[in-house]
Amino acid sequence: MRLLIIGTLDGQIGAASQIAMARGAKVRHVVTLEAGLEELRGQGADLVMIDVKCDIRTLIDSLEAERIVVPVVACGIASDASAAVRAIKAGAKEYIPLPPDAELIAAVIAAVTQESHNIVFKDPRMSQTLKLAEQVANSDASIMITGESGTGKELVARFIHKKSRRADKRFVAVNCAAIPENLLESELFGHEKGAFTGAVARRVGKFEEANGGTLLLDEISEMDVRLQSKLLRVLQEKEIDRVGGSQPVKVDVRILATSNRHMEEEVRKGTFREDLYYRLNVVTLALPALRERPLDITVLADHFIKRYSEANGLPSRPLSAEGRQMLVRHSWRGNVRELENCMHRAVLLAQGPEIGAEAILLSGGAVGTNPDPVVAQAAVAAASVTAGSATGLVGKTVAEVERDLILDTLNAYLGNRTHAANILGISIRTLRNKLKQYADDGVAVPPPAGGEPDRAAI
């Protein structure tokens, strides 16, 4: 794990560094906030520890503006409670009192580096898919991973990286659907200072970050055709041009790509370049939907129950027989991601010695007989999204029906754009464009779920 320390930490730099390195971290240290941002733009980090005397709010705002994703932990004198409060309000994830405690720093590092990418499975179909993935992992061939949203495409990509000869190098993922088109080129290839409005400093792109390792292009089918041609050149020449740069930069990167679309159809429609498709598609791994591997449903359910029971400090209750039957019978349109959310809710709602049917809220389906008003209200909201009333549609235009469906789905999923897009069967970019249109028309749009960035206005 790469740890960047910013500031003096009241003279405790040596002690904190020694503790972190003893836990396997690679430590870099800078004194000023500006130097810290330069380090993050050039080399990146997995965790930032910053002195509370530094301007944490400016750091957080700069990271958000430049789309640098890294957890920030503040450090300061143990007796200064007000500084700890200010740091958390400014956006720090945790506060570590000084002098540093070895066990506390170890716990923070463990939380950041916690292995949460293990693939839990039992069904033979998933076993066959992973066997093929392991077979091709040790090559440098580009691999296309396809499957419905929520099937675990990124997990399989990480599995391939860990089984490859590049496992000791970086695995870098970029979501092509989540970044606005006009910024994706800079995100991939980097930019020089002043290359465009907002380019306040030189920034290396994902290709350079992943040099020697693996780069995952998630949802590559959402990439604009014009950028696809530049990506094809990079794959052919093995060099990138930073935006605003004058000299090409050599890169050695193994490419993995994912899509939830039928790529051959995208090629036929002209939305994806055929030559790029064949360059990426040396090997295809097609992940089965959760409903196509039923033996994994209850195994995954037990796994998520244990995870979220521990995370919420609750006893790990077993899943009742009736609850298991409900899960197996459900269609799981959102696949493993939907099951994970369902089990998280069930852990929080369960009241007896078991997690029964009354605690399981299935999207688009009936809920077990539960008199609890919160559960009942949520069940009605979810059911109304998929069922709808035929009489309520009469007199409305198609655009109005579409708008109501999108907003109702968003409300049912508590504003979560990603989950709503999955259920609606549209890309996250399409959903955000629709929401921007509604907002411009003066329609109230549900705010994003906690922790989810709101790019509806982009």
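Sequence positions are assigned chain by chain, starting from 1 and proceeding in written order. The model is predicted, so local features are restricted to residues of pLDDT at least 70 and side-chain atom pairs to those at 80 or more, both for listing and for counting; the totals for chains, interfaces and linings are taken over all residues. Excluding hydrogens and water, the side-chain figures rest on all heavy atoms present in the structure.

Bringing helix 15 (residues 335-349) into the picture now. At 3.6 residues per turn, the α-helix brings residues three or four places apart onto the same side. Strands are runs of DSSP state E lasting at least two residues, helices are runs of H or I lasting at least four, and both sets are numbered from the N terminus onward. By this rule the span expected of a helix is its residue count minus one, scaled by 1.5 Å. With 15 residues, helix 15 extends 21 Å between its outermost C-alpha atoms, agreeing within 8% with the 21 Å of an ideal straight helix rising 1.5 Å per residue. Each residue gets one of three labels from its accessible area relative to the maximum for its type: buried under 20%, exposed over 50%, partly exposed in between, using a 1.4 Å probe on protein chains only. Taken together, the buried positions of helix 15 are occupied by Asn335, Val336, Glu338, Leu339, Glu340, Cys342, Met343, Ala346 and Val347.

So, about the UniProt feature "modified residue: 4-aspartylphosphate" (unreviewed entry) in the chain. Under the local residue numbering, the UniProt record ascribes the feature "modified residue: 4-aspartylphosphate" (unreviewed entry) to Asp51. Relative to the elements of secondary structure, aspartate 51 occurs in strand 3 (residues 47-51). Residues count as neighbours in contact if any of their non-hydrogen atoms are within 4.5 Å of one another. Not counting the four nearest positions on each side in its chain, aspartate 51 is found in contact with Ile6, Gly7, Thr8, Leu9, Asp10, Ile56 and Cys75. N or O atoms closer than or at 3.5 Å make up a polar contact, with two conditions inside protein: a donor-capable atom paired with an acceptor-capable one, and, for residues adjacent in sequence, both atoms drawn from side chains. One polar contact links aspartate 51 to threonine 8, side chain to side chain, over a distance of 3.4 Å. UniProt positions are given in the numbering used here, feature names are shortened, and annotations may be inferred rather than shown by experiment.

Bringing the sheet that holds strand 6 (residues 143-146) into the picture now. With respect to topology, five strands assemble into an open sheet ordered 7-8-11-6-12, the strand pairing being parallel. Each end of this open sheet is capped by a strand with a single partner; those strands are strand 7 (171-175) and strand 12 (283-286). Each adjacent strand pair in this sheet contributes to an overall mean axis angle of 20 degrees, direction not counted. In this analysis, strands are considered paired if DSSP registers two or more bridges between them. As paired strands, strand 7 and strand 8 (residues 214-218) are joined by five bridges and run parallel to one another. Lines fitted to the C-alpha atoms define the axes, with helices restricted to the stretch that makes contact. Angles between their N-to-C directions range from 0 to 180 degrees.

Right, let's talk about the packing of helix 2 (residues 33-42) against helix 3 (residues 56-65) for a bit. One can describe the packing of helix 2 onto helix 3 by two numbers: an axis separation of 11 Å at closest approach and a directional angle of 25 degrees. Taken together, helix 2 and helix 3 sit at an angle that is classed as roughly parallel. Considering the relative orientation of helix 2 and helix 3, their crossing is right-handed. Residue-level contacts link Leu33, Leu37 and Leu40 of helix 2 to Thr58, Leu59, Ser62 and Leu63 of helix 3. Angular relationships are summarised with four words: roughly parallel below 35 degrees, roughly antiparallel beyond 145, roughly perpendicular across 65 to 115, and oblique for the angles in between. With the far helix as reference, a near helix turned anticlockwise by less than a right angle produces a left-handed crossing, and one turned clockwise produces a right-handed crossing.

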